[in-house]
Protein chains: 2
Amino acid sequence: MAPTRAHDPRPFKRLKHDHRRCVTTALARAAKVCAASGGRLTALRRWVLELVWQSHRPMGAYDILAALGQKRETVAPPTVYRALEFLRAQGLVHRIESLNAFIGCDQPGEPHSGQFLICRACGRAAEMADGRIDAAMRCGLAEAGFTLERPTVEALGLCPDCRPCAEAGHA
Amino acid sequence: MAPTRAHDPRPFKRLKHDHRRCVTTALARAAKVCAASGGRLTALRRWVLELVWQSHRPMGAYDILAALGQKRETVAPPTVYRALEFLRAQGLVHRIESLNAFIGCDQPGEPHSGQFLICRACGRAAEMADGRIDAAMRCGLAEAGFTLERPTVEALGLCPDCRPCAEAGHA
DNA sequence: CGGCAGGATGTTATCTTATAACATAACGCC
DNA sequence: GGCGTTATGTTATAAGATAACATCCTGCCG
């Protein structure tokens, strides 16, 4: 099946938006996804998901670990990695390979291979699902006789909000 | 301006090929590139490059470290990382983000943003430069108002040689 | 020749990221 | 309640990467 995820041509959110809304909808969707799949969204897992959604910047596993440490006495790495693995399997978070970091998925449930735009200035990352990129990859890989299983598409650069500042900085 | 690298629609080499040839041409090209850029291809750097080219499988920095350890008394991580950084700056090796590993570039000199096909069965990786993928990314990112600086395109899957075996294994 | 400036390498220590292996606890079902 | 399964806790260590400083080499200038 082809990815059914809707393509948002403006993947970066406004700098000022009601972020609590992002979090609550993410948690609601997570509950839905888990209910459908039979996965158990435990307190710990929900907590980790909430932490990942603290901002639109990818978060390292050890950042999450530290944040969890604020709320609980002792937390060890496997705790966090296991929760992240579960969330990833459910399609609720993605891993950004080029950053060794994790970010929440804003359209879980829809099968898709995300494309990530990472701003080197503000650190935010946004997910895209441009069908043309998907199609071009499938095409090129098919010609190469390659069976694609897991694509990784990540773009490092400047987001629309940081572009002007960075350019000013150059002058 | 645009990448001038030639697109090879069959990026994977035959399983049996004269690999010494790959190595010698890679070293020759490296010498040329460094001569042109003014970079100093020292014995150590050449050695690391040669190790990266030992096979068509991406090699971890610590694999290189261990291999170097065979030939020299003591080698420490920074030695290897510095050599790799130099080679990368010269465009002679690429880093595969999703593997934390390095692979030799077979067309250095030509500016390009590589696309990597990684076989999960045999571990080989091949570099591609499909202009359609490049174009699709540039297009999608431009619409998003994003300034692309460093694209990462990696595809995990099955190479043409491993596809049949893996499919047989499923049956 | 002698010395000096830069770049390259050596050395030590440490940091970040991730997982293996095993123990315990919670849950869901009959 | 007992039992199998799943989730979490705990300890230790593997794997990947860099900071900071010392030393050495090399080419160049006087």
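This one's a predicted model, so the numbers in the text were calculated from it and none came from an experiment.

Conventions adopted
Residues numbered from 1 in each chain as written. Chains lettered and ligands numbered in written order. Predicted model: local features only at pLDDT ≥ 70, side-chain atom pairs only at ≥ 80, totals over all residues. Heavy atoms only, no water. Axes fitted to C-alpha atoms, helices over the stretch in contact; angles between N-to-C directions. Helix = DSSP H or I, 4+ residues; strand = E, 2+ residues; numbered from the N terminus. Parallel < 35°, antiparallel > 145°, perpendicular 65-115°, else oblique. Contact = heavy atoms within 4.5 Å. Nonpolar A, V, L, I, M, F, W, Y, C, P; charged D, E, K, R; others polar. Least-squares fit on C-alpha atoms with pLDDT ≥ 70 in both. Buried area = accessible area lost by both parts, 1.4 Å probe. Polar contact = N/O pair within 3.5 Å; in protein donor to acceptor, adjacent residues only side chain to side chain. Pairing = 2+ DSSP bridges. Near = heavy atom within 4 Å. Buried < 20%, exposed > 50% of the residue type's maximum accessible area, 1.4 Å probe, protein only.

**Q** So, the packing of helix α2 (residues 43-52) of chain B against helix α4 (residues 77-89) of chain B: which residues are in play, and what are the values?
**A** Residue and element names in this part refer to chain B. At their nearest, the axes of α2 and α4 sit 9 Å apart, and the two run at 85° to each other. As far as their axial angle goes, α4 and α2 are roughly perpendicular. Between α2, through L44, R45, V48, L49 and V52, and α4, the contact on the second element is made entirely by T79, A83, L84, F86 and L87. Residue composition of the contact of α2 with α4, by class: eight nonpolar, one polar and one charged.

**Q** I'd like a rundown of the relation of the copies chain A and chain B, residues and numbers included.
**A** The transform that puts chain A on chain B rotates by 180° and translates by 0.0 Å along the axis, for an RMSD of 0.1 Å. The transformation relating the two chain copies, once decomposed into turn and shift, fits a two-fold axis. It is V153 of chain A whose C-alpha, among those of chain A, lies nearest the rotation axis, at 2.4 Å. Taken as a fraction of all interface residues of chain A, those also at the interface in chain B reach 100%, which identifies the copy contact as same-surface.

**Q** Hey, could you go over the interface of chain A and chain B for me, with residue numbers and the actual values?
**A** Interface size is commonly expressed as the accessible area that is lost once the parts come together. In this assembly, 39 residues from chain A lie in contact with 39 residues from chain B. Interface of chain A and chain B: buried area, both sides summed, is about 3,200 Å²; carbon and sulfur atoms make up 56% of it. Linking chain A with chain B are 16 residue pairs in polar contact (both at pLDDT 80 or more), by the criterion used here. Put simply, the parts of the chain that give the side of chain A that touches chain B at least two residues each are β3 (115-119), α5 (131-143) and β5 (147-158) of chain A. Top contributing element to the side of chain A that touches chain B by residue count: β5 of chain A, with twelve residues. Among the residues making up the side of chain A that touches chain B, the classes are represented as 22 nonpolar, seven polar and ten charged. Two strands pair when backbone bridges link them, and β5 of chain A and strand β5 (residues 147-158) of chain B are joined in this way by eleven bridges, in the antiparallel orientation. Residue pairing across strands places L156 of chain A opposite R150 of chain B, the latter belonging to β5 of chain B.

**Q** Outline the protein's contact with DNA strand D, supporting the account with residue identities and numerical values.
**A** Taken together, 18 residues are adjacent to DNA strand D, and T42, R72 and R82 of chain A together with Y62 and R95 of chain B come closest. Per the 4 Å cut-off to the protein, sugar and phosphate atoms form 50% of the nearby atoms of DNA strand D. A distance of 2.6 Å separates a phosphate oxygen of DNA strand D from a polar atom in the side chain of T42 of chain A. R82 of chain A is positioned such that a nitrogen or oxygen atom in its side chain is 2.5 Å from a base nitrogen of DNA strand D. Counting residues per element, the ones that place at least two in the surface near DNA strand D are α2 (43-52) and α4 (77-89) of chain A together with α4 of chain B. Grouping the amino acids of the surface near DNA strand D by side-chain chemistry returns seven nonpolar, four polar and seven charged.

**Q** Tell me about the environment of F12 of chain B, and name the residues and values.
**A** When you line up the elements, F12 of chain B lands in the segment before α1 (19-37). Here F12 of chain B falls in the buried class, since its relative accessible area comes to 12%. Considering only alpha carbons, one finds F12 of chain B and L117 of chain B, 105 residues apart in sequence, at a separation of 8.7 Å. Setting aside its immediate chain neighbours within four residues, F12 of chain B contacts F146 of chain A together with L117, R124, A125, A126, C159 and P160 of chain B.

**Q** Tell me about the pairing of strand β4 (residues 125-128) of chain A, and name the residues and values.
**A** Residues and elements named next belong to chain A. Alternating residues of β4 divide into A125 and E127 and A126 and M128, and every residue in both groups is buried. In the sheet, β3 pairs with β4 via four bridges, with the strands oriented antiparallel. Across the sheet, I118 pairs through a bridge with A125, a residue of β4. Hairpin connection from β3 to β4: five residues lie between these consecutive antiparallel strands, with G123 at a positive phi of about 80°.

On their own, these measurements won't tell you what the molecule is for.
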